[in-house]
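Geometric and topological summary
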Amino acid sequence: MSPENTGPAAVIVLAAGAGTRMKSRTPKILHEIGGRSLVGHALHAARTIRPQELALVVRHERDLVAAHIADIDPAALIVDQDEVPGTGRAVEAALEALDALHPQRQLSGTVVVTYGDVPLLTGGLLAELVASHEAGHNAVTVLTAVLSDATGYGRILRAADGTVTGIREHKDATDAERDIREVNSGIYAFDAAVLRDSLAHVTTDNAQGEKYLTDVLALARAAGGRVAAVVTEDRWQVEGANDRVQLSALGAELNRRTVEAWMRAGVTVVDPATTWIDATVTLDEDVRLLPNTQLHGATTVARDAVVGPDSTLTDVQVGEGAKVIRTHGSGSTIGAKASVGPFTYLRPGTVLGETGKIGAFYETKNVTIGRGSKLSHLGYAGDAEIGEDTNIGCGNITANYDGEKKHRTVIGSGVRTGSNTVFVAPVQVGDGAYSGAGAVIRRDVPPGALVLSLAQQQNTEGWVLANRPDSISASLAAAAGATTTSSSTPASTEEG
């Protein structure tokens, strides 16, 4: 056993169901809330209690599910459920696969069984289940919940000493039993030997023709084992997602809990109702989130940074004291005390240095911007490197695509560019260079040089009166003292 895996002998996650009520080509357990798939949440909770082994039982869309598990938890054991239906058979198949990992000895100790569609279940509650199970030397410990409306759930039947005597399904319950509010979550801790022996005696001789895991409780008790329960009044932790309505409700509740937890950790959230934070996001103390902010993926926000309003960041690192306003960004890094926005689009590969600025109506992609440099408004920078303390003027763009290939622009430090400068890549601009307004830079610019693109300005006086005599412009021009020229032929109006 590795030092990290000091918890129960195994956790078995059941994830073989089709989830037809989702009405989706995506397997139910691969639907996402809070930045993780449903099964991703289940595996995260399971890993929290550090099991020696972790197995996932699959069947429906097996290859899709297995590929996803390989991405998020490659150490998990994938177990295929066979043609025998039922949760009992699923657990039995997982036990057989786990035993096969160590042919010299069978799995022993505590085995936890949970589900791939219960995303709000926490490692803390699983740890409580395991601790209670082992402290009581129980054969089986079932996790139960107390509901105000238990309609449709299996009721927990208890003896006078508090031990569990059985589980009565709603349709089979008496009126008195239906008054019971404690219900079965379907999540258990078992003694591995008891579980293995009991499953060998569970049959499919029932109306559904399935091998039920719940039958283990009666068999364990009949064999003299103690069956107990751990009760939670937090129903959300045992709530499953069977359709998209439940999925949405679980997502909203998860987000409410996530936002509240960050506020208690020192983050200011001005409007929790419009703020969404994935479970995978990391925030420091004294971060301030303004309304309509969404933080996704591996986003991190450092102390004293302000994000929002109306900002969506995915896999973005925001530095200490930075400000991000009305920005859509992904795969980017924003340095300390830098500012971004409003109405800014950060595409993957954007790196903005400390105290730098990307301003209004700007799009960036695969660009590194040095400390203190500013791209203030109305432009595009892609496939570029910009040095420190450079000011990029209004309307500048890097023309990085020639129709077939992308090319790179390198702009040095201390550069000042005039409005509407175009950098036709590949091109380099040396440190300290300047460009005039409207410059089209097609060749490298030496350090300290001024680059201009000039064309002779021509004014054809009286052109409006001669060619647009009935226009508002003509009347205003006449009032200002303009006179008609002898020619009505339009002249060149090219400007540089």
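Preceding this section is the structure that the text describes.
Conventions used here
Residues numbered from 1 in each chain as written. Predicted model: local features only at pLDDT ≥ 70, side-chain atom pairs only at ≥ 80, totals over all residues. Heavy atoms only, no water. Helix = DSSP H or I, 4+ residues; strand = E, 2+ residues; numbered from the N terminus. Rg over C-alpha atoms; globule rule 2.2 N^0.38 Å. Buried < 20%, exposed > 50% of the residue type's maximum accessible area, 1.4 Å probe, protein only. Contact = heavy atoms within 4.5 Å. Salt bridge = Lys/Arg side-chain N within 4 Å of Asp/Glu carboxyl O. Phe/Tyr/Trp six-rings, centres within 6.5 Å; stacked < 30°, edge-to-face > 60°. Lys NZ or Arg CZ within 6 Å of the ring centre and 35° of its normal. Core = buried A, V, L, I, M, F, W, Y, C linked by side-chain atoms within 4.5 Å. Arc of directions from axis to C-beta. 1 Å grid on protein atoms, 1.4 Å probe; cavity = no way out; pocket = protein on both sides within 12 Å on 5 of 7 lines; lining within 4 Å. Points joined across faces, edges and corners; volume = space filled by probe spheres on them. Pairing = 2+ DSSP bridges.

**Here we look at the overall build of the protein chain**
Regarding its fold elements, the protein chain presents 10 helices and 37 strands. On C-alpha atoms alone, the protein chain measures out to a radius of gyration of 33 Å, which is more than a quarter above the 23 Å that the 2.2 N^0.38 rule sets for 496 residues. The principal-axis extent of the C-alpha atoms belonging to the protein chain is close to 115 × 50 × 45 Å. For the protein chain, with 496 residues in total, the buried portion stands at 46%. Residue pairs at least 24 apart in sequence account for 40% of intrachain contacts in the protein chain once pairs closer than 6 positions are excluded.

**Examining the pattern of salt bridges**
A side chain with one charge may pair with a side chain of the opposite charge, provided their charged atoms come close. Tallied over the full model, the rule gives 23 salt bridges. In this structure, Arg62 engages Asp80 in a salt bridge whose closest nitrogen and oxygen atoms are separated by 2.7 Å. Of the two residues, Arg62 sits in helix α2 (residues 62-72) while Asp80 sits in strand β5 (residues 77-80), which places them 18 residues apart along the sequence. For Arg62, a relative accessible area of 30% puts it in the partly exposed group.

**Describing the packing of aromatic side chains**
Centre distance and the angle of the planes are the two values used to describe a pair of aromatic rings. Counted according to the given criterion, the structure contains 2 aromatic pairs. For the pair Tyr188 and Phe190, a centre-to-centre distance of 5.2 Å together with 35° between the ring planes defines the contact as tilted. Phe190 carries the same exposure label as Tyr188, and that label is buried. Sitting over the ring of Trp236, Arg235 keeps its end group 4.2 Å from the ring centre. A cation sits over an aromatic face here: Lys406 above Tyr401, 5.7 Å from the ring centre.

**Quick notes on unusual backbone geometry**
Put simply, Gly308 and Pro309 share a cis peptide bond, and its omega is 0°. Position of Pro309 among the secondary structure elements: in the loop between β18 (306-307) and β19 (311-314). At the junction of Gly341 and Pro342, the peptide bond is cis and its omega measures out at 5° in the coordinates. Along the chain, the position of Pro342 falls in the loop between β24 (339-340) and β25 (344-346). The phi angle at Asn366 is positive, at roughly 50°, despite the residue not being glycine. Here Asn366 lies in strand β27 (residues 357-369).

**A look at the nonpolar core**
One broad rule of soluble globular proteins: the nonpolar side chains tend to lie buried together. Counting residues in each nonpolar core, the largest one holds 68 residues, and the members touching the most others are Ile12, Leu56, Val140, Leu195 and Leu213. In this structure, Val281, Leu352, Ala433 and Ala439 belong to the second largest nonpolar core, which totals 42 residues.

**Re the environment of Arg256**
Among the secondary structure elements, Arg256 is positioned in helix α8 (residues 244-264). For the pair formed by Arg256 and Ile277, sequence separation is 21 residues and the distance between their alpha carbons is 9.0 Å.

**Remarks on helix α7 (residues 215-222)**
Residues of α7 that are buried include every one of Val216, Leu217 and Ala220, and no others. The buried residues of α7 all sit within an arc of 100° when viewed along its axis, so they share a single face. Just downstream of α7, Gly224 is the residue with a positive phi angle, here 95°.

**Side note on empty space enclosed by the protein**
In the structure shown here, the tally under the stated rule is 2 cavities of 30 Å³ or more. Taken as a whole, the largest cavity encloses approximately 40 Å³ of empty space. In this structure, the largest cavity is lined by Tyr362, Leu375, Tyr380, Ala381, Ile386, Ile392, Asn396, Ile397, Thr398, Ile411 and Phe423. Listing elements by their share of the lining of the largest cavity, those giving two or more residues are β28 (374-386) and β30 (397-399). Examining the composition of the lining of the largest cavity, we find that 4 residues originate from one element, β28, more than from any other. Volume-wise, the second largest cavity comes out at about 30 Å³. Together, Ala15, Gly17, Pro27, Lys28, Ile29, His60 and Val65 line the second largest cavity.

**A closer look at the pairing of strand β11 (residues 227-232)**
Along β11, 5 of the 6 residues are buried, which leaves the element largely enclosed by surrounding structure. The pairing of strand β7 (residues 140-146) with β11 spans 6 bridges and is classified as parallel. By the bridge assignment for β11, Leu143 is matched with Val230.

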